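# Fold and contact review
What follows is the residue order along each chain.
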Amino acid sequence: MDAALFQFDNSYTLLPERFYARLPPTPVAGPQLVRLNEPLARHLGLDVERLHSPEGIETLAGNRVPDGAEPLAMAYAGFQFGSWVPQLGDGRAILLGELLDRDGVRCDLQLKGAGRTPFSRMGDGRAVLGPVLREYIVSEAMAALGVPTTRSLAALLTGEQIMRESHLPGAVLVRVAKSHVRVGTFQFFAAQGDPGPLRQLAEYVIDRHYPSSRAAHNSIEALLRAVVRQQARSVASWQLVGFIHGVMNTDNMLLSGETVDYGPCAFMDAYRPDAVFSSIDHGGRYAYENQPGIAQWNLACLAQALVPILDVDRAQAVSLAQSAIDEFQAVFRDAYGQGMGAKLGLVETHDGDVALGSDLLTLLNHEQDDFTLAFRRLADLAAPVTTEEQVVEIFDFSSAYGPWLERWKNRCATDPRSTRERQQSMYAVNPAFIPRNHLVEEVIQASVTKNEFGPFHALVDVLACPFSYRSECVRYAMPPRPDQRVFQTFCGT
Ligand code: AMP
Ligand code: MG
């Protein structure tokens, strides 16, 4: 007999039944593999060839429950755009099981678009091709950029048509995450007023993600502090690459700190602090500049959910929660400041470096210049380079930047490294390639309307190496022409 396709090692199923609903994915009519993420598959210890076989494809699409899988939909609640929704849960995602990757890290294997579950409410439990490709492209680009994120193992067509604003091709995304426990998972149990499951969930997250919290005098407080710090660093990394999540509801924030739920997300082209792309974000609640504040607000929701188990004395519990939340700003400021220093090519941070960075952003905003290319061009300027390595053919600083560039050069002259070392370090943090909206839209259009997946594969391949500029890939580095600009992104549910 063949060995199992996946070596599942499940832990969430050891939690009580009220944490989830057990059910298999609903089979689909005609599964077809669009893309398998082979490096990720290998990292998970999977047999790539077998995943490409009919058995593998049937399994990834949810038509066949593999040995060792214990499929389930997780229960959770959440604040969506600030409004409380007591019952959300995986309405179209099924957790097949957990695997240990090559580094021994436990990972969830989840099928998104796997059919209805007891949490589907009015939804059909399905996903459509456009948003599945978008999540694949953006999550993998984020991983390559070094941002903590869930990953995409595979995208599949289901062979079914899904009714949305029109009939659209159905698809499944196979998602990998360090876990899918959300702030909303804690809120779900907190709202039920029973501290038992809340404590079980907290213990579970400590064991899985923050085991060093176990040694603390108050392990729940240590857990909360660890999550606050991790999230502050994650959101700082969003800000440093110009990523706008678009739907930072508490059910879309993971305890692991990984970025999740790529719906109406976007990278900005021209720098604009108030940038909003999501079609459903009318008030700009989740605008670029609001992301750190919203993350902290979401963490305050987590802290509030944990109050019943933080201390037997409620006043003391509230005070611990508040102090943990207050840590967010300092950790964010440090992470962002260090990251911005690195983008500017500075190893040490001096007084005035924050102003140097923010003055550049002010100029970019004023000139409406491209965020990504401006930093990349700065790296070009850090030392002499050949033309092929430079983005100068598509971006250069105008005379408006003259005095600022002078200040920057003077500051660099006081930094200890050689110009070549500085440049290399700047190239390593200032990408040339990001998943620009117009490129993402273009490949989705080709896939959905013409069944042409070549452009999708080409884009994913370029974005896998975002930091090495190749002039033959120039069109992927270019900002949109005015007629290519995308003003809105959709969650597509
Ligand atoms: P999202 O906006 O993707 O974070 O989803 C919010 C909630 O709606 C989650 O509980 C999802 O499981 C649920 N949901 C989204 N799309 C669907 C769908 N097509 N069918 C059922 N539930 C869905
Ligand atoms: Mg969600």
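First, a word on scope: everything that follows refers to the structure included in this document. Each chain has its residues counted from 1, running along the sequence as written. Lettering of chains starts at A and numbering of ligands starts at 1, both following the order in which they are written. The predicted origin of the model limits local features to residues at a pLDDT of at least 70 and limits the giving and counting of side-chain atom pairs to 80 or more, whereas totals for whole chains, interfaces and linings rest on all residues. In computing side-chain values, all of the structure's heavy atoms are included and hydrogens and water are not.

### Looking at the nonpolar core
Counting 160 residues, the largest nonpolar core has Tyr 12, Leu 60, Leu 153, Phe 186, Leu 344, Leu 378 and Trp 408 as the members making the most contacts within it. Strands are runs of DSSP state E lasting at least two residues, helices are runs of H or I lasting at least four, and both sets are numbered from the N terminus onward. Looking at this core, the element that brings in the most residues is helix H7 (residues 219–241), giving 12 residues. Whether two residues are in contact is decided by their heavy atoms, any of which lying within 4.5 Å being enough. When residues no more than four places from it in sequence are discounted, the contact partners of Phe 186 are Val 181, Leu 198, Leu 201, Ala 202, Val 205, Leu 255, Leu 302, Ala 305 and Leu 306. Take the buried residues of types Ala, Val, Leu, Ile, Met, Phe, Trp, Tyr and Cys, join any two whose side-chain atoms come within 4.5 Å, and each joined set is a nonpolar core. Categorising residues by exposure relies on relative accessible area from a 1.4 Å probe, with only protein chains included: less than 20% of the type maximum marks a residue as buried, more than 50% marks it as exposed, and the intermediate range marks it as partly exposed.

### Notes on helix H14 (residues 437–450)
Residues spaced three or four apart along an α-helix face the same direction, because each turn holds 3.6 residues. One fewer than the residue count of a helix, multiplied by 1.5 Å, yields its expected span. The end-to-end C-alpha distance of H14 is 19 Å, a good match for the 20 Å that 14 residues give at a rise of 1.5 Å each. Of all the positions in H14, only Asn 437, His 438, Leu 439, Val 440, Val 443, Ile 444, Ala 446 and Ser 447 are classed as buried. Buried residues along H14 sit against helix H4 (129–144), strand S12 (266–267), helix H15 (454–463) and helix H16 (474–477). Just downstream of H14 lies Asn 451, where phi reads positive at about 60 degrees.

### Describing the environment of Tyr 336
Topologically, Tyr 336 is positioned in helix H9 (residues 314–344). Distance from Tyr 336 to Pro 435, taken between C-alpha atoms, is 21 Å for residues 99 residues apart in sequence. Setting aside chain neighbours within four positions, we find Tyr 336 in contact with Ala 236, Gln 239, Leu 240 and Leu 361.

### Overview of the site of ligand 1
Any residue with at least one heavy atom within 4 Å of a molecule or strand is counted as near it. Around ligand 1 lies a shell of 18 residues, among which Gly 89, Gly 91, Arg 121, Asp 124 and Gly 125 are the nearest. Here a polar contact is taken to be a pair of N or O atoms separated by no more than 3.5 Å, where protein atoms must pair a possible hydrogen donor with a possible acceptor and residues adjacent in sequence count only if both atoms sit in side chains. The separation between a nitrogen atom of ligand 1 and a polar side-chain atom of Arg 92 is 3.2 Å. The contact in question runs from an oxygen atom of ligand 1 to an N or O atom on the side chain of Asn 252, over 3.1 Å. With the chains in place, 85% of the 490 Å² that ligand 1 exposes on its own is no longer accessible. Among the residues making up the shell around ligand 1, the classes are represented as 2 nonpolar, 8 polar and 8 charged. What sets the accessible areas is the Shrake-Rupley method with a 1.4 Å probe; for residues, cover comes only from the shown protein chains. The residue classification treats Ala, Val, Leu, Ile, Met, Phe, Trp, Tyr, Cys and Pro as nonpolar and Asp, Glu, Lys and Arg as charged. All others, Gly included, are polar.

### Re the packing of aromatic side chains
The pairing test for Phe, Tyr and Trp rings, Trp by its six-membered ring, is centres within 6.5 Å, and the orientation test on the planes gives stacked under 30 degrees, edge-to-face over 60, and tilted for anything in between. Summed over the entire model, instances satisfying the criterion amount to 22 aromatic pairs. When the centroid spacing of 5.8 Å and the interplanar angle of 25 degrees are considered together, the rings of Tyr 271 and Phe 371 count as stacked. Of the two residues, Tyr 271 sits in the loop between S12 and helix H8 (291–310) while Phe 371 sits in helix H11 (residues 371–381), which places them 100 residues apart along the sequence. Of the two residues examined, Tyr 271 and Phe 371, each falls in the buried class. We note Arg 285 situated over the ring of Trp 297; from NZ or CZ to the ring centre the distance is 4.9 Å. Charge-over-ring placement is defined geometrically: NZ (Lys) or CZ (Arg) within 6 Å of the ring centre, and within 35 degrees of the ring normal. When the ring centre of Phe 375 is taken as origin, the NZ or CZ atom of Lys 343, which lies over that ring, is 4.7 Å away.

### Let's talk about the coordination of the magnesium ion (ligand 2)
Donors, by definition, are the N, O and S atoms found within 2.8 Å of a metal, the threshold being 3.2 Å for Na, K and Ca, and water is not counted, so a site can look incomplete. Coordination of the magnesium ion (ligand 2) by the protein involves Asn 252 (OD1) and Asp 261 (OD), with metal-donor separations of 1.9 to 2.1 Å. You can call Asn 252 buried: its relative accessible area is 11%. Residue classification places Asp 261 among the buried positions, given a relative accessible area of 14%.

### Side note on H11
Among the 11 residues of H11, 10 are classified as buried, and the element is accordingly described as predominantly covered. Among all positions in H11, only Phe 371, Thr 372, Leu 373, Ala 374, Phe 375, Arg 376, Arg 377, Leu 378, Ala 379 and Asp 380 are buried. Turning to H11, the residues buried within the fold contact H7, H9, helix H10 (353–367), helix H12 (402–413), helix H13 (419–427) and H16. The opening residue of H11, the one whose side-chain oxygen lies 3.3 Å from the backbone nitrogen of Thr 372, is Asp 370.

### Some thoughts on unusual backbone geometry
With a phi close to 50 degrees, Arg 121 is a non-glycine residue in the positive phi region. With respect to the helices, strands and loops of the structure, Arg 121 is situated in the loop between strand S7 (106–112) and strand S8 (127–128). Its relative accessible area of 52% is what places Arg 121 among the exposed residues.

### Focus: the packing of H7 against H9
How two helices pack is summed up by the angle between their axes together with the distance between the axes. Note on definitions: angles span 0 to 180 degrees between N-to-C directions of axes, and those axes are lines fitted to C-alpha atoms, for helices only across the stretch in contact. At their nearest, the axes of H7 and H9 sit 8 Å apart, and the two run at 30 degrees to each other. Viewed along their axes, H7 and H9 adopt a mutual orientation that is roughly parallel. Relative to H9, the crossing made by H7 is right-handed. Broken down by class, the residue content of the contact of H7 with H9 amounts to 16 nonpolar, 4 polar and 6 charged. Reported orientations rely on four angle classes, namely roughly parallel under 35 degrees, roughly antiparallel over 145, roughly perpendicular from 65 to 115, and oblique for the rest. Here a crossing is called left-handed whenever its near helix is offset anticlockwise from the far helix by less than a right angle, and right-handed whenever the offset is clockwise.

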